[in-house]
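# An overview of the molecular structure
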Amino acid sequence: MKSTEDYLLALGMLITGSVNTLSTKWADNSSSKGLNGNVHLYDHPFFQALGMFVGEFSCLIVFFLLKWRAEKKGADFATAKPHSPFVFLLPACLDMCGTSLMYLGLTWTYASVFQMLRGSVVIFTGVLSVLFLKRKLMGFHWFGMFLVLVGTATVGLSSILKPASDDGAGASNPVGGDIAIIVAQVVVAVQMVVEEKFVSKHEVPALQAVGMEGFWGFSVLSLVLVGMYYIPGDRQGSFENAPDAALQVINSTNVLLATLGNLFSIAFFNFFGISVTKAMSASHRMVLDSVRTLVIWLVSLLLKWESFDWVQLGGFVVLLSGTMVYNEILKVPGFNYTSKAHEVSVLPSADGEDAEEEYEALIGSRTASNTRLRSDYYRVLNIRFDQNVITKRSSQ
């Protein structure tokens, strides 16, 4: 970190990232009067996903405002290569599926477990990067993925064995919730591969890319919600009942505040995410992610949404250790860390600076795929193994 401003940006990212999960869970635990005049729990994960896309779409507005300001001052402003706006449609649909599954899982399980299980995306991204992006994983990567697998299984088991909270809030179906979250990570990993394969070559600025995915996600999910309304289900007779959700938001201050908290936290989290990417190293972001999980867990305990569990703590430590091993933050004796197949620092910079620092700067400004505005995306994209951008930059 370089300045007080950087620390404030990191703090903003930590707060907004925590608020996003906590506000969503707060809404899940709240009750409000719906369509039939009955007071019932706010159980609308797919409608909540729609709010997330509204938050992402707001990034597009910020992008054009920043572009307008730069043009007014005559300053340079990074723009994308010519591309079709439909290039974001498939990633947005994958984002829609993954987010909906995660919100469904959060409805059924604990907020801290939800946050921890998202770390399992390391496993799926690693495997898919080998299969489809033809990247080579070293022995320590596979060992880190194994630890993540053990940690994920332990955290999931703890949620099943954990006793209910004092007021019964927190987890109505932890098994189903855990499964939904894990499946969502598979979808997220596929989305990452798709974005790296088809979107990154257009070098779209991060704010613009997230905004476009927000636009397509909102558009597609709005149509899907219409269909869900006519599919029989247990949400006031529908698989998802958007009118009931909207009425519950209007009729409850708690649900309204939670919904607004979710929407604004997504928007500002994206903004802080872009700002801190240039200033923070991978290890800094790892610490930030871990603190975010601990904040969510601590707040959940204070609000009595869940009870403390030593098994869950042990699982989190193993999961975190695996992620640190995978990202070379924690080096295990006996593994090879010097192969040019994965180490950025062996590539010299054109101006003599450390190539890894140059790379950290590059991923802060290059493509949407390399600067995906979710902290777990930073950790698991495996972009370190794709040396094309570094090699090209270093040879100039």
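The structure displayed is predicted, hence computed values, not measured ones.

## So, the environment of Gly51
Topologically, Gly51 is positioned in helix H2 (residues 45-73). When the C-alpha atoms of Gly51 and Leu260 are compared, they prove to be 8.7 Å apart, with 209 residues separating the residues in sequence. Beyond its immediate sequence surroundings of up to four residues, Gly51 is in contact with Asn262 and Leu263.

## What to know about the environment of Ala209
With respect to the secondary-structure elements, Ala209 resides in helix H8 (residues 206-229). Along the sequence, Ala209 and Leu60 sit 149 residues apart, while their C-alpha atoms lie 7.8 Å from each other.

## Looking at the environment of Ser129
By secondary structure assignment, the location of Ser129 is in helix H5 (residues 121-132). Residue Ser129 is classed as buried on the basis of its relative accessible area of 1%.

## What to know about the packing of aromatic side chains
Across all of its chains, the model carries eleven aromatic pairs by this definition. Between Phe63 and Phe77, the ring centres sit 5.4 Å apart and the planes meet at 55 degrees, which makes this aromatic pair tilted. On the criterion of sequence distance, the pair formed by Phe63 in helix H2 and Phe77 in the loop between H2 and helix H3 (89-108) is long-range, its members being 14 residues apart. For Phe63, a relative accessible area of 3% gives the class buried.

## Some thoughts on the side chain of Thr107
Counting through the fold element by element, Thr107 comes out in helix H3. Discounting chain neighbours no more than four positions away, the residues touching Thr107 are Lys25, Asp28, Asp43, Pro45, Gln48 and Ser172.

## A few points about a nonpolar patch on the surface
Taken together, the side chains of Leu157, Ile160, Leu161, Val175, Ile179 and Val183 present a nonpolar region at the surface, about 520 Å² in accessible area. Elements that contribute at least two residues to the nonpolar patch include exactly helix H6 (139-161) and helix H7 (174-199). You can see Ile179 is positioned in helix H7.

## Some words on the packing of H6 against helix H12 (residues 310-326)
Between two packed helices, the angle of one axis relative to the other and the distance separating the axes together describe the packing. Running from N to C, H6 and H12 point in directions that differ by 160 degrees, and their axes come no closer than 7 Å. Regarding the angle of H6 to H12, the classification is roughly antiparallel. Helix-helix and strand crossings are classified by hand; for H6 and H12 the assignment is left-handed.

## So, the packing of helix H1 (residues 4-28) against H3
As a packed pair, H1 and H3 sit with axes 9 Å apart at the nearest point and diverge in direction by 60 degrees. The angle between H1 and H3 falls in the class oblique. Judged by the twist between their axes, the crossing of H1 over H3 is right-handed. Contacts from Asn20, Thr21, Thr24, Lys25 and Asp28 in H1 reach Tyr103, Leu106 and Thr107 in H3. Here the contact of H1 with H3 is built from residues that sort into two nonpolar, four polar and two charged.

## As for the confidence of the model for the protein chain
Within the protein chain, residue pLDDT values average 80, and 80% of them lie at 70 or more. Per-element mean pLDDT across the protein chain ranges from 30 in helix H15 (residues 388-394) up to 95 in helix H9 (residues 242-251). Predicted confidence for residues 340-396 stays below pLDDT 50, and this span has 145 contacts to residues more than four positions away or in other chains.

## Structural notes on the pattern of salt bridges
Considering all chains together, one arrives at four salt bridges under this definition. Note that Glu196 is salt-bridged to Arg135, the shortest N-O span being 3.1 Å. With a gap of 61 residues between them, Glu196 in helix H7 and Arg135 in the loop between H5 and H6 connect regions that are remote in the sequence. The buried category is assigned to Glu196, whose relative accessible area is 10%. In this structure Arg135 comes out as buried when scored by relative accessible area, which is 7%. Taking the shortest distance from any N to any O, the salt bridge between Asp234 and Arg235 comes out at 4.0 Å.

## Some details on H3
An α-helical turn contains 3.6 residues, so any two residues separated by three or four positions project in the same direction. Compared with the 28 Å implied by 1.5 Å per residue over 20 residues, the 29 Å span of H3 between its first and last C-alpha is a close match. Most of H3 sits out of view: 14 of its 20 residues are buried.

## Section: the side chain of Ser290
Structurally, the position occupied by Ser290 is in helix H11 (residues 282-302). Discounting residues that sit within four places of it in the chain, Ser290 has contacts with Phe316 and Leu320.

Analysis parameters
Residues numbered from 1 in each chain as written. Predicted model: local features only at pLDDT ≥ 70, side-chain atom pairs only at ≥ 80, totals over all residues. Heavy atoms only, no water. Helix = DSSP H or I, 4+ residues; strand = E, 2+ residues; numbered from the N terminus. Contact = heavy atoms within 4.5 Å. Buried < 20%, exposed > 50% of the residue type's maximum accessible area, 1.4 Å probe, protein only. Phe/Tyr/Trp six-rings, centres within 6.5 Å; stacked < 30°, edge-to-face > 60°. Patch = residues over 30% accessible without salt bridge, like charges linked within 9 Å, V, L, I, M, F, W, Y side chains within 5 Å. Areas by Shrake-Rupley, 256 points an atom, 1.4 Å probe, with all protein chains shown as cover. Salt bridge = Lys/Arg side-chain N within 4 Å of Asp/Glu carboxyl O. Axes fitted to C-alpha atoms, helices over the stretch in contact; angles between N-to-C directions. Parallel < 35°, antiparallel > 145°, perpendicular 65-115°, else oblique. Left-handed = near helix turned anticlockwise from the far one by under 90°. Nonpolar A, V, L, I, M, F, W, Y, C, P; charged D, E, K, R; others polar. pLDDT = per-residue confidence, 0-100. Expected span 1.5 Å × (residues − 1).

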